[in-house]
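Coordinate analysis (summary)
Read off the chains here:
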Amino acid sequence: MDFYLDTANLDEIKKYAAWGVVDGVTTNPSLIAKEKVSLEKRIKDIAKIVNGPISSEVIATDLPGMLKEARRYAHWHKNVYVKVPMNENGLKAVGILKKEGIHTNMTLVFSGGQALLAAKAGATLVSPFIGRLDDISEDGMALIAEMVEIYANYGYETKILVASIRHPRHVIEAARIGADIATMPPAVLEKLIGHPLTDKGISLFRDDWEKVKNLQ
Ligand code: E4P
């Protein structure tokens, strides 16, 4: 399973990229707004740290506008994947961009039907937002299971990028189901590494080693 960081913060990206487990980065307009920087500058700076797909989202909702932004983003760096929202113009844009060799990430996907359309349109990645489904008392992980089944049935090449992850259990369950990628906030990656028994075990081994380390 590939791990992406869902943040536009450079300090966080540097810190977790050093762990050697970060395969890409996803951003969205809200994450960029939190950083108060230009999108172009931030995407280029992220590309200097992580050598993998970096999602940059279009703001336009009309087709010509979406395509204009997408082509501009794609020029910034070879690893830019253009995030396009799931709607009529988004679908059209994904098909056109595919023919131009521009990678896309179809975002804001909340149903199996939308996922099927994204794959048929030729999206490189598709982002089901599981946390936001859980937030409204729906079952986000059930959507991932449905998508894995549907894509396997037809051999679609579109990769499932599980998004809107809220906690480590989301990552583990998505991995069990066989989703391709999980994009997570740094806090979730941080929680994946920790376990109190690991800390206790290290401490115990170090204490015991102190008792014998000087023996010949
Ligand atoms: C994915 O690419 C999105 O940026 C993100 O996962 C949305 O998560 P949220 O629902 O926590 O805003």
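In short, a report on the structure. (Residues numbered from 1 in each chain as written. Predicted model: local features only at pLDDT ≥ 70, side-chain atom pairs only at ≥ 80, totals over all residues. Heavy atoms only, no water.)

1. Brief notes about the site of the ligand
Around the ligand sit Asp6, Thr26, Asn28, Lys83, Phe129, Arg132, Ala163, Ser164 and Arg166, and that is every residue in its neighbourhood. Between the ligand and the protein, one listed contact pairs an oxygen atom with a side-chain N or O atom of aspartate 6 at 2.7 Å. Note that an oxygen atom of the ligand is positioned 2.7 Å from one of the side-chain N or O atoms of arginine 166. Across the complex, the protein chains shield 85% of the 340 Å² of accessible surface that the ligand would expose by itself. Here the ligand occupies the largest pocket. A class-by-class count of the residues in the shell around the ligand yields two nonpolar, three polar and four charged. (Near = heavy atom within 4 Å. Polar contact = N/O pair within 3.5 Å; in protein donor to acceptor, adjacent residues only side chain to side chain. Areas by Shrake-Rupley, 256 points an atom, 1.4 Å probe, with all protein chains shown as cover. 1 Å grid on protein atoms, 1.4 Å probe; cavity = no way out; pocket = protein on both sides within 12 Å on 5 of 7 lines; lining within 4 Å. Sits in = over half its atoms within 2 Å of the grid points. Nonpolar A, V, L, I, M, F, W, Y, C, P; charged D, E, K, R; others polar.)

2. Focus on the environment of proline 168
If you trace the backbone, proline 168 turns up in helix α9 (residues 168-177). With a relative accessible area of 17%, proline 168 lands in the buried category. In this structure, the C-alpha to C-alpha distance between proline 168 and threonine 61, residues 107 residues apart in sequence, is 33 Å. In this structure proline 168 touches Val188, Lys191 and Leu192, once residues within four positions along its chain are discounted. (Helix = DSSP H or I, 4+ residues; strand = E, 2+ residues; numbered from the N terminus. Buried < 20%, exposed > 50% of the residue type's maximum accessible area, 1.4 Å probe, protein only. Contact = heavy atoms within 4.5 Å.)

3. Quick notes on unusual backbone geometry
We note that serine 137 has phi near 65 degrees; this positive angle belongs to a residue other than glycine. Mapped onto the fold, serine 137 is located in the loop between α7 (130-135) and α8 (140-154). Despite not being glycine, serine 164 has its phi angle at roughly 60 degrees, a positive value. The topology assignment puts serine 164 in the loop between β7 (159-162) and α9. Accessibility expressed as a relative area gives 8% for serine 164, which makes it buried.

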